[in-house]
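The residues making up each chain are set out below.
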Amino acid sequence: MTIGFIGLGIMGRPMAKNLIKAGYSLVVYDKFVNFDDITALGAGAASSNRDLAAKSDLVITMLPNSPHVKDAVLGPGGVIEGIKSGATVVDMSSIAPAVSREVAAALKARGVNFLDAPVSGGEPKAIDGTLAIMAGGDEKVFNEVKPVLEKLGSSVVLVGDVGAGNITKLANQIVVALNIAAVSEAFVLAHKAGVDPVKVFDAIKGGLAGSTVMNAKVPMILDGNFKPGFRIELHIKDLQNALDTAHDLGVPVPLTAGVMETLQALKTDGMAANDHSAIVRYYEKLAKTEVRK
Ligand code: NAD
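**Quick notes on unusual backbone geometry**
Most of the time, phi is negative for any residue but glycine, and the peptide bond is trans.
Thinking step 1. Cis geometry marks the peptide bond from Pro-228 to Gly-229; its omega dihedral reads 15°.
Thinking step 2. Secondary-structure assignment places Gly-229 in the loop between helix H11 (212–223) and helix H12 (232–249).
Thinking step 3. You will see that Lys-288, though not glycine, has its phi angle at about 50°, which is positive.
Thinking step 4. Among the structural elements, Lys-288 can be located in the segment after helix H14 (279–287).

**Focus: helix H1 (residues 12–21)**
For an α-helix the count is 3.6 residues per turn, leaving residues at separations of three or four pointing the same way.
Thinking step 1. Counting buried positions along H1 gives 8 out of 10 residues, so the element sits mostly inside the fold.
Thinking step 2. The set of residues buried in H1 consists of Gly-12, Arg-13, Pro-14, Met-15, Ala-16, Asn-18, Leu-19 and Ile-20.
Thinking step 3. Positive backbone phi, at 100°, marks Gly-23, one or two positions downstream of H1.

**Remarks on the pattern of salt bridges**
Thinking step 1. For the structure on display, the rule yields 18 salt bridges.
Thinking step 2. We note a salt bridge from Asp-71 to Lys-31, for which the minimum N-O separation is 2.7 Å. Linking Asp-71 in helix H4 (residues 66–74) with Lys-31 in the loop between strand E2 (25–29) and helix H2 (36–39), this pair joins segments that are 40 residues apart in sequence.
Thinking step 3. A residue is classified by how much of its surface remains accessible, and Asp-71, at 30% relative accessible area, is partly exposed.
Thinking step 4. Among the ionic pairs, Lys-237 bridges to Asp-238, the shortest N-O distance being 2.9 Å.
Thinking step 5. A residue is classified by how much of its surface remains accessible, and Asp-238, at 2% relative accessible area, is buried.
Thinking step 6. Three or more residues joined by partner-sharing salt bridges are found here, namely Arg-281, Glu-284, Glu-290 and Arg-292.

**Focus: helix H10 (residues 197–204)**
Thinking step 1. The set of residues buried in H10 consists of Pro-197, Val-200 and Phe-201. Projection of H10 onto a plane perpendicular to its axis shows the buried side chains occupying an angular sector of 100°, all on one side. Opposite the packed face of H10, turned more than 90 degrees from it, sit the exposed residues Lys-199 and Ala-203.
Thinking step 2. Along its buried surface, H10 packs onto helix H9 (164–192) and H11.
Thinking step 3. With a side-chain oxygen positioned 2.9 Å from the backbone nitrogen of Val-198, the residue opening H10 is Asp-196.

Cut-offs and rules
- Residues numbered from 1 in each chain as written.
- Predicted model: local features only at pLDDT ≥ 70, side-chain atom pairs only at ≥ 80, totals over all residues.
- Heavy atoms only, no water.
- Helix = DSSP H or I, 4+ residues; strand = E, 2+ residues; numbered from the N terminus.
- Buried < 20%, exposed > 50% of the residue type's maximum accessible area, 1.4 Å probe, protein only.
- Salt bridge = Lys/Arg side-chain N within 4 Å of Asp/Glu carboxyl O.
- Arc of directions from axis to C-beta.
- Contact = heavy atoms within 4.5 Å.
- Polar contact = N/O pair within 3.5 Å; in protein donor to acceptor, adjacent residues only side chain to side chain.

What follows is the structure, given as structure tokens:
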């Protein structure tokens, strides 16, 4: 079996490397960035998304958002022009659930299977192969590709039909964004009150307020290290997809809307390419203080 991997950015690059390490035969492609380091490890280089699909039995995509997935899979020179009937496409990008269903329908008309399988865990877990993977699609197709996904993640769960993976990811992104905002607000308060933020972290991380988000982001905040990781502009994309999906369903999401405005303010302030832990910068500016060691 040959796996084609499209999208070799922050996440896709280490994921592709893990599949090579696991012994799979890989073909790789990215439209905008160089990927010589991956072909140097033994992967074949494709010249386009179509060329990659023609050489693959399973195509995995890891792209920024819905328009990129539509371009890579359905656009001119896209996967759909090269892929064999009976092959499978697994889109691991975080995109609008409605677009997952649209892409799945177009591929199904050509006899091609589709799963949406977005991930949580960020770059460190992409490198370690310990991502949390939430998949939507047919159970038989899921079981066929599960051994491959298990090389990328430590948890691989089928949550429902096509689109359910990205609905789950939207829920995940709401929890993460609101959690970072809550941690930021709380630590700015403690710091301005004169309490050492390192000691606040030590005191509360093991209690009910503790979280994976707190453990990952507070050390970055204390170091003033906002190198991504997960860029603010990508979280804006996810919350926009969450707001659109929620409003289509008649679900008000007031806290999500509030944090979206915080992210928009940070973008206006030139921080779109910073890690989302830079949400703390918004609260720091309001309170005229900086939470550092
Ligand atoms: P990225 O921007 O670093 O990488 C995306 C890659 O896709 C880029 O290298 C780009 O050149 C390529 N690309 C774009 N359009 C293309 C096309 N039409 N054909 C071929 N290649 C194309 O993004 P990332 O941080 O790796 O994130 C990828 C996805 O994973 C996003 O949906 C993101 O929300 C999600 N995600 C990211 C993280 C994280 O911490 N970075 C965590 C979980 C989920």
